[in-house]
Amino acid sequence: MSRVLRVGVVGCGNVTTRFHLPAYLQLPDRVRVVSLADVEPARIAEARAIPGLADASVQADWRDLVARPDVDIVDVATPPRLHAEVAEAAAAAGKHVLCEKPITTVPAEATRMIERCRAAGVTLGVWHNWAFYPEVLAAESIVASGEIGTPRLALVDYLGVPDIKGAGETTRAWRHDPMAAGGGVLIDMLHCLYITERMIGRDAQRVSAWVAGDADHPHVDATALCRLETDGPVALVNVGWGLGPGGVFIEGTEGAIEMRWQGGGTGPFVPLASMTVRRRDGGTREVDVEKRALPEIHVDAMRRLVEDFADAVLAGRDSRMTGADGLHALEVTLAAYASAALGRTVEVPLSPDDPVHRDGVAAIPRLAGPDWSPVRRQHLYATDPS
Ligand SMILES: NC(=O)c1ccc[n+]([C@@H]2O[C@H](COP(=O)([O-])OP(=O)(O)OC[C@H]3O[C@@H](n4cnc5c(N)ncnc54)[C@H](O)[C@@H]3O)[C@@H](O)[C@H]2O)c1
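Residues numbered from 1 in each chain as written. Predicted model: local features only at pLDDT ≥ 70, side-chain atom pairs only at ≥ 80, totals over all residues. Heavy atoms only, no water.

Examining helix α9 (residues 191–200)
Alright, step 1. Most of α9 is tucked away: nine of the 10 residues are buried.
Alright, step 2. Downstream of α9 by one or two residues, Gly-201 has phi in the positive range, about 75°. (Buried < 20%, exposed > 50% of the residue type's maximum accessible area, 1.4 Å probe, protein only. Helix = DSSP H or I, 4+ residues; strand = E, 2+ residues; numbered from the N terminus.)

Regarding the packing of aromatic side chains
Alright, step 1. Using the criterion set out here, one finds five aromatic pairs in the structure.
Alright, step 2. Between Trp-130 and Tyr-158, the ring centres sit 5.5 Å apart and the planes meet at 40°, which makes this aromatic pair tilted. On the criterion of sequence distance, the pair formed by Trp-130 in the loop between β6 (124–126) and α6 (134–145) and Tyr-158 in strand β7 (residues 151–160) is long-range, its members being 28 residues apart.
Alright, step 3. Looking at Trp-130, the relative accessible area reads 1%, which means it is buried.
Alright, step 4. Ring plane angle 40° and centroid distance 4.8 Å describe the contact between Tyr-337 and Tyr-381, whose orientation is recorded as tilted. Of this pair, Tyr-337 sits in helix α11 (residues 323–342) while Tyr-381 sits in the segment after α13 (374–377), and the two are 44 residues apart along the sequence. (Phe/Tyr/Trp six-rings, centres within 6.5 Å; stacked < 30°, edge-to-face > 60°.)

What about the domain arrangement of the protein chain?
Alright, step 1. What the domain assignment lists for the protein chain is domain 1 (5–128 + 298–321) and domain 2 (130–293).
Alright, step 2. One C-alpha centre belongs to domain 1, the other to domain 2, and the line joining them spans 26 Å.
Alright, step 3. Tallying the contact residues gives 19 residues for domain 1 and 26 residues for domain 2.
Alright, step 4. Roughly 1,900 Å² of surface becomes buried between domain 1 and domain 2 when both sides are summed, with 59% attributable to carbon and sulfur atoms. (Domains from an automatic or database assignment. Contact = heavy atoms within 4.5 Å. Buried area = accessible area lost by both parts, 1.4 Å probe.)

A short note on the confidence of the model for the protein chain
Alright, step 1. In the predicted model, the protein chain carries a mean pLDDT of 97, and 99% of its residues have values of at least 70.
Alright, step 2. Summarising per-element confidence for the protein chain, the mean pLDDT is lowest in α13 (94) and highest in strand β4 (residues 73–76) (99). (pLDDT = per-residue confidence, 0-100.)

Describing the packing of α6 against α9
Alright, step 1. Where α6 meets α9, the closest approach of the two axes is 7 Å, and the angle between their N-to-C directions is 30°. Classed by the angle they form, the pair α6 and α9 counts as roughly parallel. Together, Val-136, Ala-139, Glu-140 and Val-143 of α6 and Ile-195, Arg-198 and Met-199 of α9 make up the contact between the two elements.
Alright, step 2. The residue inventory of the contact of α6 with α9, partitioned by class, reads five nonpolar, no polar and two charged. (Axes fitted to C-alpha atoms, helices over the stretch in contact; angles between N-to-C directions. Parallel < 35°, antiparallel > 145°, perpendicular 65-115°, else oblique. Nonpolar A, V, L, I, M, F, W, Y, C, P; charged D, E, K, R; others polar.)

Points about the packing of helix α4 (residues 83–92) against helix α5 (residues 107–120)
Alright, step 1. For the pair α4 and α5, interaxial distance at closest approach is 9 Å and the crossing angle is 15°. One element, α4, and the other, α5, form an angle in the roughly parallel class. Of the two possible hands of crossing, α4 and α5 adopt the one that is left-handed. Taking contact as the criterion, the partners of Ala-84, Ala-87, Glu-88 and Ala-91 in α4 are, on α5, Glu-109, Arg-112, Met-113, Arg-116, Cys-117 and Ala-120.
Alright, step 2. Along the lines of polarity and charge, the residues of the contact of α4 with α5 split into six nonpolar, no polar and four charged. (Left-handed = near helix turned anticlockwise from the far one by under 90°.)

Have a look at this one:
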């Protein structure tokens, strides 16, 4: 394998044109985009102009891309429902896999993806790029340094997330389709869950949540209010396609970290306004963090992620954002949906026998929950919403 790894990208929508391709282009000594696939010619036309690819380098059928001998890494950037099929075919063809989030929509499929990549001897990474944001890295290192003592609680608000339509003509509304997306705003923004865990330094062990749709999103969650419990700190993570505020507060035994985005908005859709450390003795300190919003903050975080992934492939080690991380984030999300349906706390990891592990969000309407559950009242996640 050459030192410059050759990438083929499946799915040429917003994430590819705005973020992945610009990030790859910043790493010419690590990666080179050699091929693209999309079912829609207009999407291919827009994307191929970015790296400047010839006719022979693009195709409509992702299977043709996966079969190409000149591709080392398959970047899976389609709507979520297709991730597992493409990733498994890529692994079977001996390609490394860098998969968009959510890793897939069903935990049993994610487990199989991880096993197949391991068996094929290829590296599987997930685009958990928010872990590379400067404010997340800063919070993680402040907590790890002991400056705020032992973390006790976190309040993490992302209630003003814009609802972005897909770029493909035929799949424009995939974020509102529970089977295509795997859920609603929470699965789309599962970034908020894994960054919370990174910032408090612990993975969720139990999850409880309230979720609801709204007039524009009658079949999926447009708001998700979640509690992530560990045997140490607890976190409230609130996510919504709404007008609500954004901000992060992490309190420890000796002090707290507070982050605000401009105008009380939700980052990274608006730039960070401030990051402050407050100590119990009354002292405060402003943390010097780069203040950028989309698209720069994403492109930069993705460049770091790709750099790590390429190094991991060449060194034969795990990347920093592994398939196991993808599976865990998916399970925390689905545990939140199950909790909202059942009206009780749900433990993670889910048991392999759990219908939600086996079938993902399709199992949620079948759970025997109370009538007052908004999931039941609003018929959320119904496979046939009519
Ligand atoms: N990591 C991040 O920060 C981030 C940001 C945005 C989106 N995403 C993720 O990236 C993925 C794509 O999201 P998006 O916003 O680019 O969506 P999008 O709808 O804009 O793009 C999806 C593309 O996939 C194409 N596609 C659909 N079916 C296909 C098939 N069978 N074969 C080939 N191409 C096919 C569509 O034509 C479209 O061009 C999703 O998993 C989403 O969650 C991640």
